Amino acid sequence: MSKEKSFEIKYLRDIDRINHTGKYLVFGVLGFALILIITSMVLYKDAVTSQKPKPYIMDKNGEIRKVYDVYNDGFELVAKKAMVAKAHELFFRLEPDEQQIHSNIQKSFYYADFIPLYEFYNSQNYYNNIVQRNAIQYIKVDSIVFRGSMGRFYGKVLLRGQGGVTKESFLVTEFSMEERDRTDNNLYGFFLNKMKVIGNKEINSRGTKDIVINPSNP
């Protein structure tokens, strides 16, 4: 092969290599520019959104607040009520099974300061009477209200025993709500402190009179 043809072939290869390299550079520059454009659009949208005035509404107390905060309070209120109901269900629902009674009561201690009430009821042989008479105690929630950090539970306690014994009382408890770290035993992040029974009035009774629903507060 002559030197002229060899030089010509090498020259054509160099041109082809340059063309390929140029294409890669063009695609690279276009891709980088596209990324910059998308990033700039996202940052601009976030900046506009953060500066956009948030809607306000008036809550039930007449205070002007952000809608987002009111929604958060609504979810928190639902969680608080659910936790209060669960705590009372664990403590006041009793089956004629000593192990189950103490297991549920121990669980209720993770949600509320029921220890003074438990010690008092236990000293009155209340739990033993439930087991010996094969009685079952239920609790139904009427309402749960909060005022600041204080709260009240209103509900009915129904006791059913052997021989057609049925007793019903209206239960009112009072407590202070505290925030605590969430744990495996309390996923709500709240705790009922200073728990006490402030009302326990019998409203219905059929059968014998030898079972008393939740003796008077200590």
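Every chain begins its residue count from 1, and numbering advances along the sequence as written. Restriction of local features to residues with pLDDT of at least 70 applies here, the model being predicted, together with a cutoff of 80 or more for giving and counting side-chain atom pairs; totals for whole chains, interfaces and linings are based on all residues. Computation of side-chain values: all heavy atoms of the structure, hydrogens and water removed.

(A) Molecular detail of the nonpolar core. Among the buried residues, those of types Ala, Val, Leu, Ile, Met, Phe, Trp, Tyr and Cys that are joined through side-chain atoms within 4.5 Å form a nonpolar core. Buried residues are those whose accessible area, probed at 1.4 Å on protein chains only, stays under 20% of the maximum for their type, while exposed residues exceed 50% and partly exposed ones sit between those limits. Ranked by size, the top nonpolar core spans 33 residues in total, and within it Phe 91, Phe 114, Tyr 121, Tyr 127 and Leu 192 carry the most contacts. Runs of H or I in DSSP of at least four residues are treated as helices and runs of E of at least two as strands, each being numbered from the N terminus. Elements with a minimum of two residues in this core: helix H2 (67-92), helix H3 (98-108), helix H4 (115-123), helix H5 (126-132), strand E3 (136-147), strand E4 (150-160), strand E5 (166-179) and strand E6 (190-206). Counting residues per element, this core draws most heavily on H2, at six residues. Two residues qualify as a contact provided that any one of their heavy atoms is within 4.5 Å of a heavy atom in the partner residue. When residues no more than four places from it in sequence are discounted, the contact partners of Tyr 127 are Phe 91, Leu 94, Ile 101, Ile 105, Tyr 118, Tyr 121 and Asn 122.

(B) Structural detail: the confidence of the model for the chain. Across the chain, the average pLDDT comes to 76, with 62% of residues at or above 70. Note: pLDDT gives the predictor's confidence per residue, expressed from 0 to 100. Here residues 55-71 scores under 50 on pLDDT; set against residues more than four positions off or in separate chains, the count is 18 contacts.

(C) Geometry of the pattern of salt bridges. Here a salt bridge means any side-chain nitrogen of Lys or Arg lying within 4 Å of a carboxyl oxygen belonging to Asp or Glu. Within the structure shown, the criterion is met by seven salt bridges. Residues Glu 76 and Lys 80 are paired through a salt bridge, measuring 3.4 Å at the closest nitrogen-oxygen approach. With Glu 76 and Lys 80 both in helix H2, this residue pair falls four residues apart, about one helical turn. Judged by relative accessible area, Glu 76 falls into the partly exposed class, the value being 32%. Between Glu 174 and Lys 196 there is a salt bridge; the shortest N-O distance is 3.8 Å. Of this pair, Glu 174 sits in strand E5 while Lys 196 sits in strand E6, and the two are 22 residues apart along the sequence. Residue Glu 174 is classed as buried on the basis of its relative accessible area of 17%. You can call Lys 196 partly exposed: its relative accessible area is 38%. A single salt-bridge network, built from bridges that share partners, covers Glu 89, Arg 93 and Glu 95.

(D) Here's a closer look at H4. All buried positions along H4 are accounted for by Leu 117, Tyr 118, Phe 120 and Tyr 121. For H4, the buried positions fall inside an angular range of 165 degrees around the axis, keeping them on one side. Looking one or two residues beyond H4, the residue adopting positive phi is Asn 125, at roughly 60 degrees. An arc is given here, and it is the one of the directions from the helix axis to the C-beta atoms.

(E) Structural context of the pairing of E3. We treat two strands as partners when DSSP finds at least two bridges between them. Looking at chain direction, E3 and E4 are connected through eleven bridges and run antiparallel. In the strand pairing of E4, Val 145 is matched with Arg 152. Here E3 folds back onto E4 in antiparallel fashion, the turn holding two residues, of which Gly 148 has a positive phi close to 70 degrees.

(F) Spatial organisation of H3. Three or more residues of H3 are buried, namely Ile 101, Asn 104, Ile 105 and Ser 108. Buried positions in H3, seen along its axis, are confined to an arc of 100 degrees and lie on one side of it. Sitting at the amino-terminal end of H3 is Asp 97, which places a side-chain oxygen 3.0 Å from the backbone nitrogen of Gln 99. Pairs of N or O atoms are called polar contacts if they sit within 3.5 Å, as long as, within protein, a hydrogen donor faces a hydrogen acceptor (for residues adjacent in sequence, only side-chain-to-side-chain pairs).

(G) Summary view of the packing of aromatic side chains. Between 30 and 60 degrees the pair is tilted, below 30 it is stacked and above 60 it is edge-to-face, where a pair is any two Phe, Tyr or Trp rings, Trp via its six-membered ring, whose centres lie within 6.5 Å. A full pass over the atoms with the stated rule returns twelve aromatic pairs. Relative to Tyr 126, the ring of Tyr 121 has its centre 5.9 Å away and its plane inclined at 50 degrees; by these criteria the two rings are tilted. Here Tyr 121 and Tyr 126 have matching classes, each one buried. Put simply, the rings of Phe 91, Phe 92, Phe 109, Phe 114, Tyr 118, Phe 120, Tyr 121, Tyr 126 and Tyr 127 touch in pairs and so form one group of aromatic residues. Think of it as a cone above the ring: NZ of Lys or CZ of Arg counts as a charge over the ring if it is within 6 Å of the ring centre and within 35 degrees of the ring normal. The cationic tip of Lys 80 hangs over the ring face of Phe 146; the distance from NZ or CZ to the ring centre is 5.9 Å.

(H) Inspection of the environment of Lys 86 at higher detail. Here Lys 86 is to be found in helix H2. Sequence separation between Lys 86 and Ser 108 is 22 residues; the distance between their C-alpha atoms is 8.1 Å. Aside from chain neighbours lying at most four places away, what touches Lys 86 is Tyr 111 and Tyr 188.

(I) Geometry of the side chain of His 88. With respect to the helices and strands, the residue His 88 is situated in helix H2. His 88 gets classed as buried once you look at its relative accessible area, which sits at 1%.

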